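Single-letter residue listing:
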Amino acid sequence: DVIGNNNGFKVTGNAPRAEAQFGVFNDGGNRQNTTDDNNGKEYIGHLILRPSQNSLIGFYGEASQGVNGALATPRIRAGVEGSITLGRHLFEAEFVRARDSVVTGATITNNRLLSTGGYVFYGYSLSPKWQLVARGEYWNPNRNAHGAAYADEKDLVLGFQYFLEGEQSKIQVNWIRKNINGN
């Protein structure tokens, strides 16, 4: 399938145990669906493999040549995701690594800002409608920072979900513990 709109186009393909998507967009970040003010495009790809009916592993990537008009600020993302359901147990995880450029005024001050993050998730189904959940997240927006400039975030989420219609609509009640270190 090929889908196009004023923001770009996407090509998708499906097979019995795999699906793939590739798109070219004006932007894939916080400037998507706005007027295109540069010649750079965003290239985004996603591949999902389903080794069994209850598991998947996915890979994705994104590359941009610049999103700030005449001043190109490249972004690169790469990630891996996976999930497996074993009876009432659901396990999910994702890891992403990014490289961005930092703009100060009208100058690129760092074109290799490295960041990493990810999460692990566990869900236990009490019934088809009720699920207990636990999720741990980690985000480090600048792996090169040390000392007073170092900052990262660790989150813990505990709660439950009530599914209204299949897995398309749900009500969640969560307790969230955020630990943000640094500036």
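Residues numbered from 1 in each chain as written. Predicted model: local features only at pLDDT ≥ 70, side-chain atom pairs only at ≥ 80, totals over all residues. Heavy atoms only, no water.

**Q** Just checking my understanding: could you explain the packing of aromatic side chains for this structure?
**A** Each aromatic ring pair is characterised by the separation of its centres together with the angle its planes make. Tallying each qualifying case throughout the model produces three aromatic pairs. Ring centres 5.2 Å apart and planes at 45° place the aromatic pair Phe91 and Tyr122 in the tilted group. Here Tyr122 lies in strand E8 (residues 107–125) and Phe91 lies in strand E7 (residues 89–104), a separation of 31 residues in the sequence. With relative accessibility at 28%, the residue Tyr122 sits in the partly exposed group. Taking the centre distance of 5.6 Å and the plane angle of 45° together, the rings of Trp130 and Phe160 count as tilted. With a gap of 30 residues between them, Trp130 in strand E9 (residues 130–140) and Phe160 in strand E10 (residues 152–165) connect regions that are remote in the sequence. (Phe/Tyr/Trp six-rings, centres within 6.5 Å; stacked < 30°, edge-to-face > 60°. Helix = DSSP H or I, 4+ residues; strand = E, 2+ residues; numbered from the N terminus. Buried < 20%, exposed > 50% of the residue type's maximum accessible area, 1.4 Å probe, protein only.)

**Q** Is there a simple way to explain the pairing of strand E2 (residues 8–15) in this structure?
**A** It is a general feature of regular strands that their side chains alternate between the two faces of the sheet. Pairing between E2 and strand E3 (residues 18–25): eight bridges, direction antiparallel. Considered in E3, the bridge of Lys10 is made with Gly23. (Pairing = 2+ DSSP bridges.)

**Q** Quick question: what am I supposed to make of the pattern of salt bridges here?
**A** Two side chains carrying opposite charge are able to pair once their charged atoms lie near each other. Within the structure shown, the criterion is met by five salt bridges. The salt bridge partner of Arg50 is Glu19, with a shortest N-O separation of 3.3 Å. Taken as a pair, Arg50 in strand E4 (residues 42–52) and Glu19 in strand E3 lie far apart in primary sequence, 31 residues in all. According to the relative accessible area criterion, Arg50 is partly exposed, its value standing at 32%. The partly exposed category is assigned to Glu19, whose relative accessible area is 24%. With its nearest N and O atoms 2.9 Å apart, the salt bridge here joins Arg135 to Glu137. Taking the relative accessible area as the measure of exposure, Arg135 reaches 26% and is therefore partly exposed. Where salt bridges share partners, they join Glu153, Asp155 and Lys178 into one cluster. (Salt bridge = Lys/Arg side-chain N within 4 Å of Asp/Glu carboxyl O.)

**Q** How should I be thinking about a nonpolar patch on the surface in this particular structure?
**A** A grouping of Leu126, Trp130, Leu132, Phe160, Leu164, Ile171 and Val173 is seen on the molecular surface, where their side chains present a nonpolar patch of about 600 Å² in accessible area. For the nonpolar patch, the secondary structure elements donating two or more residues are E9, E10 and strand E11 (169–181). Residue Leu132 is classed as partly exposed on the basis of its relative accessible area of 40%. (Patch = residues over 30% accessible without salt bridge, like charges linked within 9 Å, V, L, I, M, F, W, Y side chains within 5 Å. Areas by Shrake-Rupley, 256 points an atom, 1.4 Å probe, with all protein chains shown as cover.)

**Q** How should I be thinking about the environment of Ala145 in this particular structure?
**A** Within the element layout of this structure, Ala145 appears in the loop between E9 and E10. The buried category is assigned to Ala145, whose relative accessible area is 8%. In this structure the C-alpha to C-alpha distance between Ala145 and Leu113, which are 32 residues apart in sequence, comes to 9.3 Å.

**Q** Would you mind showing me how to read the environment of Glu81 here?
**A** Relative to the assigned elements, Glu81 resides in strand E6 (residues 75–86). A residue is classified by how much of its surface remains accessible, and Glu81, at 22% relative accessible area, is partly exposed. Note: C-alpha distance between Glu81 and Tyr60 (21 residues apart in sequence) is 8.4 Å. Beyond its immediate stretch of four places on either side in the chain, Glu81 contacts His46, Ile48, Leu56, Ile57, Gly58, Tyr60, Ala93 and Glu94. In terms of polar contacts, Glu81 uses its side chain to reach the side chain of His46, at 2.5 Å. (Contact = heavy atoms within 4.5 Å. Polar contact = N/O pair within 3.5 Å; in protein donor to acceptor, adjacent residues only side chain to side chain.)

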